[in-house]
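# Report on the structure
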Amino acid sequence: MATSAQAKKKSARTPSGRKRARQDIKLNAANSAMRSRFRTAVKSVRKAIAAGDKSLAAEAFKAAVPVLDSIARKGLFHPNKAARDKSRLNAALKAMGA
């Protein structure tokens, strides 16, 4: 993870390089936050499934889908990974009802 201390260590020489280092810090923070949202959303669905609460799991899944789609759309994860994760969560949710 690039922190401001790491960006200063790099000490880009050109003005455009310094700007790129500043932008990388902001981008890294945004990506880390999105990755965290993804993990939290998936974890909440898995916890609800493990607890056996079908209605809570369905609500958590409904809330997780836009997060997964957003991450795929922004290019943080490959679209196939988002689709695979949604599919696995949905299959686990449906297996609860059976």
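You'll find the structure just up there.
The structure reproduced in this document is the subject of the present report. Because the structure is a prediction, the values reported are computed rather than measured. (Residues numbered from 1 in each chain as written. Predicted model: local features only at pLDDT ≥ 70, side-chain atom pairs only at ≥ 80, totals over all residues. Heavy atoms only, no water.)

## Overview of the environment of Lys81
Test applied: Each helix is a run of DSSP H or I of at least 4 residues and each strand a run of E of at least 2, with the numbering of both proceeding from the N terminus. Partly exposed residues are those whose accessible area sits between 20% and 50% of the maximum for their type, while under 20% is buried and over 50% is exposed, using a 1.4 Å probe and protein chains only.
By secondary structure assignment, the location of Lys81 is in helix H4 (residues 79-97). Lys81 gets classed as partly exposed once you look at its relative accessible area, which sits at 25%. In the structure, Lys81 is positioned 10 residues away from Ile71 in sequence and 10.0 Å away in space, judged by C-alpha atoms.

## Quick look at the pattern of salt bridges
To be explicit about the condition: For this analysis, a salt bridge means a side-chain nitrogen from Lys or Arg found within 4 Å of a carboxyl oxygen belonging to Asp or Glu.
Under the defined criterion, the tally for this structure stands at 3 salt bridges. Asp24 is paired through a salt bridge with Arg20; the nearest N and O atoms lie 3.4 Å apart. Of this pair, Asp24 and Arg20 both sit in helix H2 (residues 15-51), separated by 4 residues, roughly a single helical turn. The class for Asp24 is partly exposed, based on a relative accessible area of 29%. For Arg20, a relative accessible area of 44% gives the class partly exposed. For Asp85, the salt bridge is made with Lys81, and the minimal N-O distance between the two is 3.2 Å. Of the two residues, Asp85 and Lys81 are both situated in helix H4; the distance of 4 residues between them amounts to about one turn of the helix.

## Things to note about the packing of aromatic side chains
Geometrically, a pair of aromatic rings is defined through the distance of the ring centres and the angle of the planes. Cut-off, in case you're wondering: We call Phe, Tyr and Trp rings a pair once their centres come within 6.5 Å, taking the six-membered ring for Trp, and we label the pair stacked below 30 degrees between planes, edge-to-face above 60, and tilted otherwise. The criterion is that NZ of a Lys, or CZ of an Arg, lies within 6 Å of the ring centre and within 35 degrees of the ring normal, and then a charge sits over that ring.
Using the criterion set out here, one finds 1 aromatic pair in the structure. Consider the rings of Phe38 and Phe77, whose centres lie 4.8 Å apart with planes at 80°: the pair is edge-to-face. Taken together, the residues span a long stretch of sequence, with Phe38 in helix H2 and Phe77 in the loop between helix H3 (54-74) and H4 at a distance of 39 residues. We note that Phe38, like Phe77, is buried. Looking at Lys81, its charged tip hangs above the ring of Phe77, at a distance of 5.2 Å from the centre.

## Observations regarding H2
Heads up, the rule is: A helix is expected to reach a length of 1.5 Å times the quantity of its residues less one.
Given a rise of 1.5 Å per residue, 37 residues ought to cover 54 Å, and the 54 Å separating the end C-alpha atoms of H2 matches this to within 8%. One or two steps after H2, the chain reaches Gly52, where phi turns positive at roughly 85°.

## Focus: the packing of H3 against H4
Quick note on the threshold: For every element, the axis is a line fit to its C-alpha atoms; helices are fit only across the contacting stretch, and the angle between N-to-C directions ranges from 0 to 180 degrees. These descriptions rest on fixed angle ranges, namely under 35 degrees for roughly parallel, over 145 for roughly antiparallel, 65 to 115 for roughly perpendicular, and the rest for oblique. We call two residues in contact when some of their heavy atoms are within 4.5 Å. For this scheme, ten residues count as nonpolar: Ala, Val, Leu, Ile, Met, Phe, Trp, Tyr, Cys and Pro. Four count as charged, namely Asp, Glu, Lys and Arg, and the remainder, Gly too, count as polar.
Closest axis-to-axis distance for the H3/H4 pair is 9 Å, and the angle between their directions is 175°. In terms of orientation, H3 lies roughly antiparallel with respect to H4. In this structure, H3 contributes Lys54, Ala57, Ala58, Phe61, Val65, Leu68, Asp69 and Ala72 to the contact, and H4 contributes Pro79, Ala82, Asp85, Lys86, Leu89, Asn90, Leu93, Met96 and Gly97. Its residues assigned to classes, the contact of H3 with H4 shows 11 nonpolar, 2 polar and 4 charged.

## Examining the environment of Ile71
Among the secondary structure elements, Ile71 is positioned in helix H3. Residue class for Ile71 comes out buried when judged on its relative accessible area of 1%.

## Side note on the side chain of Asp85
Among the residues examined, Asp85 registers a relative accessible area of 13% and is labelled buried. Contacts of Asp85, omitting those with residues within four sequence positions, involve Phe38 and Leu68.

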